[in-house]
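Read off the chains here:
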Amino acid sequence: MPNDEDTKKRWRVLEWGNGTNGIAPVGAVGLETVLNRLDEEGYDIYDVDMSRCWVTGRLKPDEVEDGFSLPISIGQLLQREGTEKIVESLRQPSPPTESDAVREMREYQIQGIHTPQFMGNLRVVMYAASMGDPYVEQRLTQAIKESLFQISHAELVKTLSDVEFFREHHLKHNCDAPTCTSAKVYDSTIQKLKDRLAANPVS
Ligand SMILES: [Zn+2]
């Protein structure tokens with residue numbers, strides 16, 4: 001008989017409620033059931049997707065690792081691609097006269113104190129997405145974890161609002177392809193931040 005521990009998959013996704021595929025009842029009881037089940041089976045809770053009713057579990061590491069499961073971290077990606085190249089790709093060409101796009105960006109007051117750092121990480125994720133990186137969702141989760149870990153509910157609301165502004169600005173002024181990867185990253189980010197807010201309501 002094979003050792004159970006050896007054959008365990010690194011990732012597991014359990015679904016609760018939400019129709020016929022759910023393994024547990026709807027609502028908080030179902031969520032609690034799948035969280036406890038993953039925990040008992042030796043998985044860390046990696047992500048909770050409230051809209052799909054999915055919980056993603058990651059096998060608890062045997063020993064302390066660097067904390068991230070990505071094959072290439074954002075730091076390594078920067079190193080591989082060259083920081084200058086990435087910074088260059090993110091730079092907006094500056095028009096001789098101030099356009100609406102530039103003025104709107106200049107007039108906008110960033111609300112969240114964590115927003116600048118988060119947007120920096122988000123731009124790297126968008127860069128990776130534009131290069132066809134297959135780990136965009138995981139990178140996004142990592143960027144949210146890194147920049148927005150343990151911030152207050154109020155600050156998360158402010159950062160979400162900032163990201164929504166940047167998304168609208170992008171769609172209005174810089175988005176020219178229907179298959180734009182940045183727009184997809186924005187959409188996914190906003191959904192993840194909303195899920196996180198929903199999972200941690202103000203007490
Ligand atoms: Zn776009």
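Residues numbered from 1 in each chain as written. Predicted model: local features only at pLDDT ≥ 70, side-chain atom pairs only at ≥ 80, totals over all residues. Heavy atoms only, no water.

## Some words on the side chain of Thr141
1) Next: Tracing the backbone through its elements, the reader meets Thr141 in helix H7 (residues 136-148).
2) Next: Non-local contacts of Thr141, meaning those with residues more than four positions away in its chain, are made with Tyr46 and Lys192. (Helix = DSSP H or I, 4+ residues; strand = E, 2+ residues; numbered from the N terminus. Contact = heavy atoms within 4.5 Å.)

## Observations concerning the pattern of salt bridges
1) Next: Per the stated rule, a full pass over the model turns up 11 salt bridges.
2) Next: In this structure, the salt-bridge partner of Arg139 is Asp133, at a minimum N-O distance of 2.7 Å.
3) Next: Arg139 gets classed as buried once you look at its relative accessible area, which sits at 1%.
4) Next: On the accessibility criterion, Asp133 (17% relative accessible area) is buried.
5) Next: Residues Lys158 and Glu155 are paired through a salt bridge, measuring 3.4 Å at the closest nitrogen-oxygen approach. In this pair, Lys158 and Glu155 are both assigned in helix H8 (residues 153-174), 3 residues apart and thus about one turn of the helix distant.
6) Next: For Lys158, a relative accessible area of 31% gives the class partly exposed. (Salt bridge = Lys/Arg side-chain N within 4 Å of Asp/Glu carboxyl O. Buried < 20%, exposed > 50% of the residue type's maximum accessible area, 1.4 Å probe, protein only.)

## Focus on the coordination of the zinc ion
1) Next: In this structure, His170 (NE2), Cys175 (SG) and Cys180 (SG) serve as the protein donors to the zinc ion, at separations of 2.0 to 2.3 Å.
2) Next: Each donor residue of the zinc ion belongs to the same chain, and together they define the spacing H-x4-C-x4-C.
3) Next: Residue Cys175 is classed as partly exposed on the basis of its relative accessible area of 25%. (Donors = N, O, S within 2.8 Å, 3.2 Å for Na, K, Ca; no water.)

## Notes on the environment of Leu122
1) Next: Assignment of secondary structure puts Leu122 in helix H6 (residues 115-130).
2) Next: Distance in space between the C-alpha atoms of Leu122 and Ser182 is 9.4 Å, their sequence separation being 60 residues.
3) Next: When neighbours within four sequence positions are excluded, Leu122 is seen to be in contact with Leu140, Val185, Tyr186 and Thr189.

## Some remarks on the environment of Ser152
1) Next: By the element assignment, Ser152 lies in the loop between H7 and H8.
2) Next: In this structure Ser152 comes out as partly exposed when scored by relative accessible area, which is 38%.
3) Next: The spacing of Ser152 and Asn200 is 48 residues in sequence and 9.8 Å in space, taken between C-alpha atoms.

## Quick look at H7
Every α-helix carries 3.6 residues per turn, so stepping three or four residues along brings you back to the same face.
1) Next: Taking 1.5 Å per residue as the helical rise, H7 with its 13 residues ought to reach 18 Å, and the 17 Å between its terminal C-alpha atoms agrees with that figure.
2) Next: Backbone geometry just after H7 places Gln150 at a positive phi near 60°. (Expected span 1.5 Å × (residues − 1).)

## Details of the packing of aromatic side chains
1) Next: The full count for this structure, using the stated rule, is 4 aromatic pairs.
2) Next: Summarising the aromatic geometry, the rings of Tyr108 and Phe165 are spaced 3.7 Å apart at their centres and angled 5° between planes, so their arrangement reads as stacked. One end of the pair, Tyr108, is in the loop between helix H5 (100-107) and H6; the other, Phe165, is in helix H8, with 57 residues separating them in the sequence.
3) Next: Ring geometry for Phe165 and Phe166: centres 5.5 Å apart, planes at 65°, overall edge-to-face. Across the pair, Phe166 and Phe165 agree in class, each one buried.
4) Next: Within the aromatic cluster, the residues linked to one another by ring pairs are Tyr108, Phe165 and Phe166. (Phe/Tyr/Trp six-rings, centres within 6.5 Å; stacked < 30°, edge-to-face > 60°.)

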